[in-house]
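Each chain, written out:
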Amino acid sequence: GRALNNRIILSYSVDSITFHFTLVHTHLAPLSISPATIGRTLFLFFPRPPPLSPPHNNITMARLFAPWALALLLGAAPSAAFQASVSQPSFACSASSLCSTAEAEAPAATAEPAAKPIQRSRFDRLKANYKGFMNPVNEEFKDFTYDDFASVLETSLVAFNRNDIVKGTVVQYEKAGALIDIGAKSSAYLPLPEAALLQEQTSGIEDLVDLEAVLDFQIISDEDENGQLLVSRKRIQYAAAWEKVTGLQDEDGVFDAEVVAVNRGGAICLVEGLRAFLPGSHLTGRIPDESLVGETLPLKFLEVSQENNKLVVSNRRAVVEAQMSDLSRGDLISGVVLALKPYGAFVQVGGMSGLLHISQISYDRIDDLEKVLAPGDQVKCMIIDHDKVNGRIALSTKTLEPEPGDMLKDPKKVFEMAEQTAAKYHERMEAERVAREEAAKEIGLGLGDDLDDISDMSDNLESVLK
């Protein structure tokens, strides 16, 4: 090693190949280490390497020794006044020992750094190695970048909020739902429980919505991490059903509904897809049992509350109002004995129940009602009173007796002659009515004659007083 003009040139020979390292010292203070010491130190740190084949061994050895030489140089100054300011070392080497000092002393700043290789993406590498068939590529939009795509999304996508009603197209069935295209950046998902208000237990998504069908959907969630929304058809149908039910209640009309289940308190009916409760006390002529499931009954509303999700209906009210409009006192009707009570018998008349009181069965006294009537007996009765508001009717069989006590002696005879006896009863009632009217008229005429006599007496009195 030797020092020359603030430079230290280090030479190292390996197998007749000499490497020259030029270290440029920019500070003018003298170094406190001799070039011979640096050379011996390099020799100790770098043992003789195996021979390398030119030309690549020159560059390899140069790159290996240059950092160590720089480190030794920086650590060799003991003086505090010496602040090592060494630029990045450069080197020049040649395959022979005749490498010129001018080439070795060339400044490192003039060397241009090598260009970095372009880092290709995984897709580019796969594309370069692919040897199969390539589909033709449309080069029309080759300059369309991801930034362009993001700007298009910002201008074309619509903001979707919870509870919004949107149009959507069913594009694909899933295992437990369907994918719906609503114009968002990701297809919305329709779960099976939200596909329809009315569903059978064995219903699949294919039975509830059709592919390519354009329907209304309600958004029921916010976007998840994938940008997907949940939508519902059931909630739209639920709101529409309550709107129809409210309209029926305002009209106070009679409607039909199917019984889908029974319980201890009554029955469950489906009204516009909503579950309504039918109390057993408002079921006319029937007992709420399993035989009632599947039947369609006429109903009217008793209570409607959307806030409390409460819907109560009545079969008796619907039947009574329909039949009571055609019933009047004195009508002859047929019915079936439903039950016996100590105070009388309940008779089913059409779709309603009437009371045949024990005092209205016969003119004779009845000690044991079970000897006269039994549940299931076909009877003919006459309506003697009715309450259209509450749907109650009072019945009688003693008005149909040809002779007092015939219901106890021969009830079959009473029912066979019921039409004739009822006609005679109406004639008798009409005669009694006419007689009452005549009596009232005679009383009115008699009162008129008395008033005339009183008027004459008043006139005579006035004349005497004058």
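Engineer: With reference to specific residues and values, describe a nonpolar patch on the surface.
Structural biologist: Together, Phe141, Phe144, Phe149 and Val152 make up a nonpolar patch on the protein surface, roughly 410 Å² of accessible area in all. Within the secondary structure, Val152 sits in helix H5 (residues 146-156). Judged by its relative accessible area of 39%, Val152 is partly exposed.

Engineer: Provide a residue-level description of the pairing of strand E7 (residues 188-191), including the pertinent values.
Structural biologist: Neither face of E7 is open: one carries Ala188 and Leu190, the other Tyr189 and Pro191, and all of them are buried. Note: strand E6 (residues 177-181) against E7, 4 bridges, orientation antiparallel. Counted as the bridge partner of Ala178 is Leu190 from E7. Adjacent in sequence and paired antiparallel, E6 and E7 are bridged by 6 residues, among which Gly183 carries a positive phi angle near 90°.

Engineer: If you had to explain the pattern of salt bridges to someone new, which residues and values would you point to?
Structural biologist: Summed over the entire model, instances satisfying the criterion amount to 12 salt bridges. Here Arg365 and Asp367 are joined by a salt bridge, their closest N and O atoms 3.3 Å apart. The class for Arg365 is exposed, based on a relative accessible area of 73%. One salt-bridge network, held together by shared partners, links Asp252, Lys300 and Arg317.

Engineer: Requested: an account of the sheet that holds E7, with residues and values cited.
Structural biologist: With antiparallel pairing, 5 strands are arranged side by side in an open sheet as E7-E6-E5-E8-E9. The open sheet has two edge strands with one neighbour each: E7 and strand E9 (231-232). One ladder, built from 2 bridges, connects strand E8 (residues 214-219) with E9; its direction is antiparallel. Residue pairing for E9: Gln218 is matched across the bridge by Ser232. Along the sheet, helix H7 (residues 234-251) contacts strand E5 (165-174), E8 and E9; its crossing angle with E8, the most-contacted strand, is approximately 90°.

Engineer: Break down the packing of aromatic side chains for me, citing the residues and quoting the values.
Structural biologist: Tallied over the entire structure, the rule returns 3 aromatic pairs. Between Tyr238 and Trp242 the ring centres are 6.4 Å apart and the planes differ by 75°, which places this aromatic pair in the edge-to-face class. Of this pair, Tyr238 and Trp242 are both found in helix H7, 4 residues apart, which corresponds to roughly one turn of the helix. Seen from their ring centres, Phe255 and Phe301 are 4.5 Å apart, and the 35° between their planes marks the pair as tilted. Highlighted residues: Phe255 in strand E10 (residues 255-262) and Phe301 in strand E13 (residues 296-305), separated in sequence by 46 residues. Of the two residues, Phe255 and Phe301, neither departs from the other in class, the shared state being buried.

Engineer: Help me get a handle on unusual backbone geometry, residues and values and all.
Structural biologist: Although it is not a glycine, Asp252 adopts a positive phi angle of roughly 55°. Even without being glycine, Asn309 reaches a positive phi, approximately 55°. Here Asn309 lies in the loop between E13 and strand E14 (310-314). What makes Asn309 exposed here is its relative accessible area of 53%.

Thresholds, definitions, all that
Residues numbered from 1 in each chain as written. Predicted model: local features only at pLDDT ≥ 70, side-chain atom pairs only at ≥ 80, totals over all residues. Heavy atoms only, no water. Patch = residues over 30% accessible without salt bridge, like charges linked within 9 Å, V, L, I, M, F, W, Y side chains within 5 Å. Areas by Shrake-Rupley, 256 points an atom, 1.4 Å probe, with all protein chains shown as cover. Salt bridge = Lys/Arg side-chain N within 4 Å of Asp/Glu carboxyl O. Helix = DSSP H or I, 4+ residues; strand = E, 2+ residues; numbered from the N terminus. Buried < 20%, exposed > 50% of the residue type's maximum accessible area, 1.4 Å probe, protein only. Pairing = 2+ DSSP bridges. Contact = heavy atoms within 4.5 Å. Axes fitted to C-alpha atoms, helices over the stretch in contact; angles between N-to-C directions. Phe/Tyr/Trp six-rings, centres within 6.5 Å; stacked < 30°, edge-to-face > 60°.

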